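Examination of the molecular architecture
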Amino acid sequence: MNLLSQFIAASGVSKVPTPYLTWSFLSTVAACVADRVWYERAPGHRVRPNLYVLLLGPSGIGKGDAIKEVLKLVADIPQVRLYQGRATAEFIRDRLGKVRHRPDGTEIPPIPQLFLVNEELVFCVGVGPPAFEMVSVLVQIYGGNPAAIRDGTRTRGEIVMHNPCVNWLAGTNRAWLVRSMPDDAVAGGLSRRLVVVEQDYRDVRITHPQFPPEREAWMAEIEQRLLALTECHGAFTADPDALAVFDEWYQQRPLTDDVALRPWWETQDELVLKVSMIMSLCESDSLRIERRHMVKAQTMTEETKKWVSNAIEYTTARSDSTSLHYAQELIQSAGQLSDRVLAQKLAGRGVLKNEKMEIVETLLGAGEIVRMVQGPRGATWYQWVSRRRMPEGEETS
């Protein structure tokens, strides 16, 4: 039994959709090897198995359960470089490239690998401009870069990231995806780097999850095998049969007629190579891609195509995200803003009362603002409390 099959079996029978468990585990395997293994597709062009996986579905469906199930396996493996929780673009850059110092003054060089886990996307990356900046950083570092990636500001100085490697596993629902991502974030550079795994409610009624008697032993074995993968290093090779089936698939696959999906389609072949490496690692540390790995990777990535297409549609269908950004800027610039003034400003942009209430609830839920009651008449005010800053140069008009 390979690692993936063993993990799915050990996870038992529950309401958690199997695709969530599958892709969460593949993301975890990729995090264990980071950039220490690769497939050299052309001289100097290394394809690494890192993944950006987004579990998409309604609340209560099991996204968080799937993520928790894989984190149990790597929480105590420091080589995985796990970070779970809220993060900003600045934090990611610092984590991957900032030099720290010991008490004696000697330097601690940064480790440019990270397994970033956001159980709920909007609470971890925020909404509007902060989320867009976060996505921009993830897009920039997805494929690594043999040349140093530099980020310099007047106040923070220069951060240098040397060939960073990030694996990203996140979950969210459709509404929060729309709220946290500006209209062009997913449809832009992120879509071609993203594995979207979308599921919906099913009439599955399991009073108590059922686990096999071997679960504890299997989970311990999986953890040990994942730990062993952190020691893998080197280049993958591909068997001739694997290369033949890859070439046949690549040449014969139909061109998508979905303009928004075209960037993803153009790089699906690289995703196939990534997944085929991970499927091989689930069997052994031989670093050899065989035909069955390639075929499985083609099937799995083809299944995700409709899900990433849906995600693009969700985020581009809404036109009110600019109003959300405008409200953010108004409150942040003022520090405190009354509900009356906010309503007047938004009404000037055609935002109705119900839409204004949705915007406020989104900002409250994301932890960007708090609601206060002030004055003898109990007027409602909003105070900006997030430490996230709007990009420099952004001004409210």
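Note on placement: Thr-362 falls in helix α15 (residues 353-365). Other than its neighbours up to four places away in sequence, Thr-362 contacts Val-127, Trp-176, Arg-179 and Leu-324.

Once that is clear, we can look at helix α6 (residues 129-141). Here α6 contains 13 residues, and its C-alpha end-to-end distance of 19 Å stays within 8% of the 18 Å for a straight helix at 1.5 Å per residue. Here α6 lies mainly inside the structure; 10 of its 13 residues are buried.

Attention now moves to the sheet that holds strand β13 (residues 288-289). Pairing within the open sheet is mixed, and its 4 strands lie in the order β2-β1-β12-β13. Bordering the open sheet on either side are β2 (45-47) and β13, each of which pairs with just one other strand. In terms of strand pairing, strand β1 (residues 37-42) meets strand β12 (residues 234-238) through 3 bridges, oriented parallel. Paired with Trp-38 across the strands is Ala-235, a residue of β12.

In spatial order, the strands read β14-β16-β15; together these 3 strands make up an open sheet with antiparallel pairing. Two strands lie at the open edges of the sheet, namely β14 (336-338) and β15 (369-374), each paired on one side alone. The mean angle between the axes of side-by-side strands here comes to 30°, regardless of whether they run parallel or antiparallel. Pairing of β15 with strand β16 (residues 379-384) involves 6 bridges; the strand directions are antiparallel. Within β16, the residue paired with Met-372 across the bridge is Trp-381. Strand contacts of helix α14 (residues 339-347): β14 and β16, with the helix running at about 75° to β14, the strand carrying the most contacts. Across the sheet, α15 touches β15 and β16, and the angle it forms with β15 is around 115°.

Criteria and thresholds
Residues numbered from 1 in each chain as written. Predicted model: local features only at pLDDT ≥ 70, side-chain atom pairs only at ≥ 80, totals over all residues. Heavy atoms only, no water. Helix = DSSP H or I, 4+ residues; strand = E, 2+ residues; numbered from the N terminus. Contact = heavy atoms within 4.5 Å. Expected span 1.5 Å × (residues − 1). Buried < 20%, exposed > 50% of the residue type's maximum accessible area, 1.4 Å probe, protein only. Pairing = 2+ DSSP bridges. Axes fitted to C-alpha atoms, helices over the stretch in contact; angles between N-to-C directions.

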